[in-house]
Amino acid sequence: MAKLALNGGTPACTRSWPRWPQWDEREKSRLLAVLESGEWGGFNELVGEFEQAFARRHQARHGLAAVNGTLTLEASLRVLGVGPGDEVIVPPYTFIATANAVRLVGATPVFVDVDPDTYNLDVAATAAAIGPRTRAIIPVHFAGHPVDMDALLPLARRHGLFVVEDAAHAHGSRWRGTPMGTLGHIGSFSLQLSKNLTAGEGGILLTQDDQLAAKLRSFINQGRTPGGAWYTHGLLGSNLRITGWQAGVLLAQLERFDEQLERRMANARRLNAIFEEIGGLRPMGWDARVDAHAFHLYMLRYDPAVFGGVPRDRFVAALQAEGVPCSTGYAMPLYRQPPLAEPHSRVTPCPVAEQACQEAIWFTQNLLLAEPAAMEEIGQAVLKIREHVEELRH
Ligand SMILES: *Cc1c(COP(=O)(O)O)cnc(C)c1O
């Protein structure tokens, strides 16, 4: 008689997991207010209200909302003057938008390996990859864990490089007390449906630099200048404005934001303790300088030797069958995707990123919004699989 749910046994875990996105009457009343105002577009006053609220929450001088977290990266590079002939250092273990933004402004992505403990840009490897054409670095605070900014920022300064933080996973994360998105020249956030703060689609830029803020503001709004005439366009621009609907929803989502951030961190600590005890699934590092961690993803590193040599993908299928939603993450580093392979990029050796694609297991942030008892059930499901691992070996 099979015990594992993958083979027809009874699942270890039958609870329903927190759904995402979450909403209540606050979103409904915001949306109704936008509807009745007739100001459905980007000039609804709620857009500015959201920008200020998000910027304040992250201790930033300026917040600039835009359509998504891909075009925010592209706009950042454009406004910094990065383009053809320039190289931009990016990690290969991230969502494709990070590197596509570089190509879309005509520059060349340079792939540099990640750190095995965080899957974030390896700063020593970054230093080794800097060449005469390097203009910028895009550190991705992957899964919400900040890149080592104590090492990265002085390196960038020494070489006169721009730093555009891809903080698409890092809403509310802090490095030694400072919110992510404010340490580089520009910080870019995604507000897409899966992200920790969402309006379905959307993005926002943070900067402490008044001139960069003015340029970004103008680029987002067709090259206009604030207070200028409607059909006067001083700069090359585009339309990246978000709608009043999005701003209304985001203001409501912000009211839940801090409580959710705390809850994810508390459950991540529980999972770390549970997995350290079980063995075979190593939690990622959590640097002592990271005093807030968004946990957009909770990741583990799978060791097949502890599970009778069963491949990771089969283990993940078994865990899913036991009622625990999880996935294997990226199947390959970005330089294996055709639009980013050489000669569209420069690739330095990335053995850690290769290994990450083989070993990582991902849980999405909404799983960490469950009650504490649910974390224990995840551990029970893993123990059950280990106990009956023979069932997975044929
Ligand atoms: C989601 C994401 C983006 C792109 O954001 P969109 O809003 O979906 O365009 C960029 N970088 C990373 C790391 C992301 O996860």
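Residues numbered from 1 in each chain as written. Predicted model: local features only at pLDDT ≥ 70, side-chain atom pairs only at ≥ 80, totals over all residues. Heavy atoms only, no water.

Participant: It is not clear to me how the packing of aromatic side chains should be interpreted in this structure. Could you clarify?
Facilitator: In this description, a pair of aromatic rings is defined by centroid distance and the angle of the planes. Taken as a whole and assessed by the stated rule, the structure comprises 19 aromatic pairs. With a centroid separation of 6.1 Å and 50° between ring planes, the pair formed by Tyr-298 and Phe-363 is classed as tilted. Taken together, the residues Tyr-298 in strand S11 (residues 297-302) and Phe-363 in strand S13 (residues 360-364) connect sequence positions 65 residues apart. Here the two residues Tyr-298 and Phe-363 agree in accessibility, since each one is buried. Ring plane angle 85° and centroid distance 4.8 Å describe the contact between Tyr-330 and Trp-362, whose orientation is recorded as edge-to-face. Of the two residues, Tyr-330 is situated in the loop between helix H9 (312-321) and strand S12 (346-347) and Trp-362 in strand S13; the sequence distance between them amounts to 32 residues. Exposure class is identical for Tyr-330 and Trp-362. Each is buried. Site record: aromatic cluster; members linked through ring pairs are Tyr-93, Tyr-119, Phe-142, Tyr-330 and Trp-362. (Phe/Tyr/Trp six-rings, centres within 6.5 Å; stacked < 30°, edge-to-face > 60°. Helix = DSSP H or I, 4+ residues; strand = E, 2+ residues; numbered from the N terminus. Buried < 20%, exposed > 50% of the residue type's maximum accessible area, 1.4 Å probe, protein only.)

Participant: For this particular structure, what's the right way to read the packing of helix H2 (residues 45-57) against helix H8 (residues 244-278)?
Facilitator: Helix packing geometry: the angle between the two helix axes and the distance between the axes. Interaxial distance between H2 and H8 falls to 8 Å at its minimum, and their mutual angle equals 25°. Comparing their axes, H8 and H2 come out roughly parallel. Considering how the two elements wind past one another, H2 and H8 form a crossing that is left-handed. Contacts from Leu-46, Val-47, Glu-49, Phe-50, Ala-53, Phe-54 and Arg-57 of H2 reach H8 at Gly-244, Ala-247, Gly-248, Leu-250, Leu-251, Leu-254, Phe-257, Asp-258 and Leu-261. Taken together, the residues of the contact of H2 with H8 sort by class into 11 nonpolar, two polar and three charged. (Axes fitted to C-alpha atoms, helices over the stretch in contact; angles between N-to-C directions. Parallel < 35°, antiparallel > 145°, perpendicular 65-115°, else oblique. Left-handed = near helix turned anticlockwise from the far one by under 90°. Contact = heavy atoms within 4.5 Å. Nonpolar A, V, L, I, M, F, W, Y, C, P; charged D, E, K, R; others polar.)

Participant: Honestly, the sheet that holds strand S8 (residues 186-190) in this entry has me stumped. Any pointers?
Facilitator: Within a sheet, adjacent strands bond to each other through the backbone by hydrogen bonds, running parallel or antiparallel. Spatially, eight strands are ordered S1-S9-S8-S5-S4-S2-S3-S12 in an open sheet, and the strand pairing comes out mixed. One side of each edge strand has no neighbouring strand; the edge strands of this open sheet are strand S1 (62-66) and S12. Relative to strand S5 (residues 162-166), strand S4 (residues 134-137) runs parallel, the two sharing two bridges. By the bridge assignment for S5, Ile-137 is matched with Val-163. (Pairing = 2+ DSSP bridges.)

Participant: What is the right way to read the sheet that holds strand S10 (residues 281-283) from this model?
Facilitator: An order of S10-S11-S13 is seen for the three strands of this open sheet, with the pairing classed as antiparallel. Of all the strands in the sheet, just S10 and S13 have a single pairing partner and so form its edges. Ignoring which end each strand starts from, the neighbouring axes of this sheet average 35° apart. Bridge analysis of S10 against S11 gives three bridges, and the strand direction is antiparallel. Residue pairing across strands places Arg-282 opposite Arg-301, the latter belonging to S11. Here H9 sits on the sheet in contact with S10, S11 and S13, set at roughly 30° to S13.

Participant: Looking at this structure, how should I read the site of the ligand?
Facilitator: In the vicinity of the ligand, 15 residues are found, and the nearest of them are Gly-69, Thr-70, Asp-166, Ser-190 and Lys-195. One of the backbone N or O atoms of Gly-69 is found 2.7 Å from an oxygen atom in the ligand. Thr-70 is positioned with one of its side-chain polar atoms (N or O) 2.5 Å from an oxygen atom of the ligand. Notes on the ligand: free accessible area 380 Å², of which the protein chains cover 92%. Of the residues belonging to the shell around the ligand, the class tally is four nonpolar, nine polar and two charged. (Near = heavy atom within 4 Å. Polar contact = N/O pair within 3.5 Å; in protein donor to acceptor, adjacent residues only side chain to side chain. Areas by Shrake-Rupley, 256 points an atom, 1.4 Å probe, with all protein chains shown as cover.)

Participant: How should helix H7 (residues 210-220) be read in this particular structure?
Facilitator: Working note: α-helix, 3.6 residues per turn, so residues spaced by three or four point in the same direction. Taken together, the buried positions of H7 are occupied by Leu-212, Ala-213, Leu-216, Ser-218, Phe-219 and Ile-220. Tucked inside the fold, the buried residues of H7 contact S1, helix H3 (71-79), S8 and strand S9 (203-207). The distance from a side-chain oxygen at the start of H7 to the backbone nitrogen of Gln-211 is 2.9 Å, and the residue carrying that oxygen is Asp-209. Backbone geometry just after H7 places Gln-222 at a positive phi near 60°.

Participant: How do you make sense of unusual backbone geometry when you look at a structure like this?
Facilitator: Negative phi characterises most residues that are not glycine, and trans characterises most peptide bonds. With an omega of 0°, the peptide bond running from Trp-20 to Pro-21 counts as cis. You can see Pro-21 is positioned in the segment before helix H1 (25-37). Here the bond from Glu-342 into Pro-343 is cis, since omega is 10°, no more than 30 degrees from zero. Within the secondary structure, Pro-343 sits in the loop between H9 and S12. Backbone geometry at Tyr-119 places phi at a positive 60°, although glycine is not the residue there. Note on placement: Tyr-119 falls in the loop between strand S3 (108-111) and helix H5 (123-129). We classify Tyr-119 as buried; its relative accessible area is 1%. Positioned with a positive phi, Gln-222 is a non-glycine residue whose angle comes to about 60°. Here Gln-222 is to be found in the loop between H7 and H8.

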